[in-house]
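Breakdown of the fold
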Amino acid sequence: MNELLEIACGLLERGQDFVLARITNRRGSAPRTAGARMIVARDGTSHGTIGGGLLEARAMENSQGVFNDGISRMLAFDLSEDDISAMDMICGGSVEVLLDYFRATDRNRELFACWRKICAERRQALFVTAVRENAGAIERIDHCLLGAGDMVCGHIPLSDRSLKVVMQAWANQTAKENAMMTMVVEETAVIVEPVLKFKTVYIFGAGHVARPTAQMAAMVAFRVAVLDDRKAFANARRFPGADEIHVLADFDHALDGLSIDADSYIVILTRGHLHDKTVLAQALQSKAGYIGMIGSRRKRDAIYDALSREGFGDDDLERVYSPIGLSIGADTPEEIALSIVAELVRHRANAPFRSF
C-alpha cells in the first residue's frame, strides 16, 4: 500500500477524488488474496492491481458508476468456468470487491496524511473501514486509523466497547503483515487492515551485485539504503533509486546511526570476507528482522567459526541467511540479485504482524 498511499495523498492534495478497490473476501482459487488493492482515478487511470483480466476490468467499469452516483458499492464476482474462460485464467473461486469512494474532502486529506505520517514514524496502526448496508446497497461507509486501541484520526460509528472487541479480535488472530480481517459488529461490517510500515533494506557493499539488488528491492516496495566505504561506488549515479546512500569511513562502525529494528533487512555484499565478518558481527547485535550474507558455504563456515571464537552462539548464527538468496541456480549479478530479493519478499510475506 505504500506506493498507493502516496498516489492517494497526491490525488487528494490536488482536489481529485478516487475509488480504492479492495478484495475483502476470497473463496477458492482466485487471482489475488484479500487485501489486494487498486486505485482508480476519475479519468479512468489505475494504479496497483486486484488480479488483472476481466475481474479488474469489471471493477474499473463499476468504478465509473461510483463516480457518477457518489456511492461506494460492494461487488461479488463468482469466477465460474465461463468467467475463467473469458478471463483467460486458470483460477476459480469467488471474490468480493469493495469499491470505496474517497472524495477530495478535508476529512479524507487528513486521514491519508495521518496514514502517511504513521508510516514515516514507523508506528503500528490499523486502518478500519465500517460498512453499513441496507437492502444489499451500501448506506454508509466510514474510516479511521486505530493505534494501541485509541482513535488516531477519522471516524466510525461504533461504541468504544465495540472498538475494543475489534482490537481484541485482531490481536487474537494469527495475522501476517498483509492480512485483512472482516467481522460484523453492531450490524456493521468492519474491515481491519494493518497499516504497513516501510521495510528498509540496508545493503552493505555497493558492487556489481548490489546495483541490481537495490533496483529490484525498490521495485517491490522496499526502502533501500546503500552503504560502502568507497565514494566512487556509493553514489546516486550508480544507485538512482536508492532512498539513502551512505559513504562510510570504514566498516568497523557500519551500523552506527542507523535505526535498525524488526522492519530492517540487512544484506551483506561487501567486497571481502573480512568486511563481511565485520558487518555481520554488528548486525548480530542488532534487532534486524532479516540478516543475509553473500558467499559460498566454505566462506560462511570460516566466518561462523571466527565469530564463534569471539563469543557468538548458535542462536546468533541461526539468524543469518547464508548463502543469501533462494536457490535458483543464479550466476550473473542480476540473477543473484533476483534470488536475494525473492528471499526478502518471502521473508516479508511470512512475517507475523506484531501486536501493539
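A quick note: this is a predicted structure, and the numbers were derived from the prediction, not measured.

**A word on the side chain of Asp 17**
Take Asp 17: it is sitting in the loop between helix H1 (2-13) and strand E1 (18-27). Side chain to side chain, Asp 17 and Arg 42 meet in a polar contact 2.7 Å long. A distance of 2.4 Å separates the side chain of Asp 17 from the side chain of Tyr 101, its partner in a polar contact. Among residues more than four places away in sequence, those in contact with Asp 17 are Arg 42, Phe 67, Tyr 101, Phe 102, Arg 103 and Ala 104.

**Concerning the nonpolar core**
Core analysis: the largest hydrophobic core is formed by 26 residues, its most contacted members being Phe 204, Ile 266, Leu 280, Leu 284, Ile 291 and Leu 307. Breaking this core down by element, the ones donating at least two residues are strand E11 (200-204), strand E12 (223-228), strand E14 (264-268), helix H7 (273-283), strand E15 (290-293) and helix H8 (297-309). Setting aside chain neighbours within four positions, we find Ile 291 in contact with Ile 266, Ile 268, Leu 280, Ala 283, Leu 284, Arg 319, Val 320 and Tyr 321. Counting 21 residues, the second-largest nonpolar core is a separate cluster that includes Leu 5, Phe 102, Leu 111 and Ala 125.

**Some remarks on the packing of aromatic side chains**
As enumerated under the stated definition, the model contains 9 aromatic pairs in all. Between Phe 112 and Trp 115, the ring centres sit 5.8 Å apart and the planes meet at 20 degrees, which makes this aromatic pair stacked. Pair noted here: Phe 112 and Trp 115 are both in helix H4 (residues 106-120), with a separation of 3 residues, about one helical turn. On the accessibility criterion, Trp 115 (3% relative accessible area) is buried. Geometrically, the ring pair formed by Tyr 265 and Tyr 290 is stacked, given 5.8 Å between the ring centres and 25 degrees between the ring planes. Of this pair, Tyr 265 sits in strand E14 while Tyr 290 sits in strand E15; the two residues are 25 residues apart in sequence, bridging distant segments of the chain. Of the two residues examined, Tyr 265 and Tyr 290, each falls in the buried class.

**With respect to the pattern of salt bridges**
Within the structure shown, the criterion is met by 17 salt bridges. In this structure, Arg 22 and Glu 193 form a salt bridge, with 2.4 Å as the shortest nitrogen-oxygen distance. Of this pair, Arg 22 sits in strand E1 while Glu 193 sits in strand E10 (residues 188-194), and the two are 171 residues apart along the sequence. Residues Arg 22 and Glu 193 agree in their burial class; the two are buried. The partner of Arg 271 in a salt bridge is Asp 229, with the nearest N and O atoms 2.7 Å apart. Remark: Asp 229 occurs in the loop between E12 and strand E13 (244-247) and Arg 271 occurs in the loop between E14 and H7; sequence separation between them is 42 residues. On the basis of relative accessible area, Arg 271 is assigned to the partly exposed category, the value being 45%. Via salt bridges that share partners, Arg 22, Arg 37, Asp 100 and Glu 193 belong to a single interconnected network.

**Concerning the confidence of the model for the protein**
This prediction gives the protein a mean pLDDT of 88; 89% of its residues lie at or above 70. The model gives residues 84-90 a pLDDT under 50, and that stretch makes 11 contacts with residues more than four places away or in other chains.

**Remarks on the pairing of E10**
The element E10 is largely enclosed, with a buried count of 6 among its 7 residues. As defined by bridge partners, strand E6 (residues 126-134) adjoins E10 across 6 bridges and the pair is classed as antiparallel. Each residue of the ladder has a partner; that of Leu 126, found in E10, is Pro 194. Judged from the 5 bridges that link them, strand E9 (residues 181-185) and E10 form a sheet pairing that is antiparallel. Bridged to Thr 182 within E10 is Ile 191.

**Digging into the environment of Phe 77**
Counting through the fold element by element, Phe 77 comes out in strand E4 (residues 73-78). Taking the C-alpha atoms as reference, Phe 77 lies 7.8 Å from Val 97; in sequence the two are 20 residues apart.

What counts and what doesn't
Every chain is numbered on its own, with residues counted from 1 as its sequence reads. Given that this is a predicted model, residues contribute local features only at a pLDDT of at least 70 and side-chain atom pairs are listed and counted only at 80 or more, while totals for whole chains, interfaces and linings are drawn from all residues. The basis for the side-chain values is all heavy atoms of the structure; hydrogens and waters are excluded. Think of it this way: any DSSP run of H or I at least four residues long counts as a helix, any run of E at least two long counts as a strand, and we number them from the N terminus. Each polar contact in these results corresponds to two N or O atoms within 3.5 Å; when the atoms are within protein, one needs to be able to donate a hydrogen and the other to accept it, and residues that are neighboring in sequence are counted only if both atoms are side-chain atoms. Here a residue-residue contact requires only that any non-hydrogen atoms of the pair lie within 4.5 Å. Think of a nonpolar core as a cluster: buried Ala, Val, Leu, Ile, Met, Phe, Trp, Tyr and Cys residues, connected wherever their side-chain atoms sit within 4.5 Å. We call a residue buried when its accessible area falls under 20% of the maximum for its residue type, exposed when it is over 50%, and partly exposed in between, using a 1.4 Å probe and counting protein chains only. Classification of ring pairs uses Phe, Tyr and Trp, with its six-membered ring standing for Trp, and accepts pairs whose centres are within 6.5 Å; under 30 degrees between planes counts as stacked, over 60 as edge-to-face, and the remaining range as tilted. For this document, the term salt bridge refers to a Lys or Arg side-chain nitrogen within 4 Å of an Asp or Glu carboxyl oxygen. Confidence of the predictor at the level of single residues is captured by pLDDT, which takes values from 0 to 100. When DSSP finds two or more bridges between two strands, those strands count as paired.

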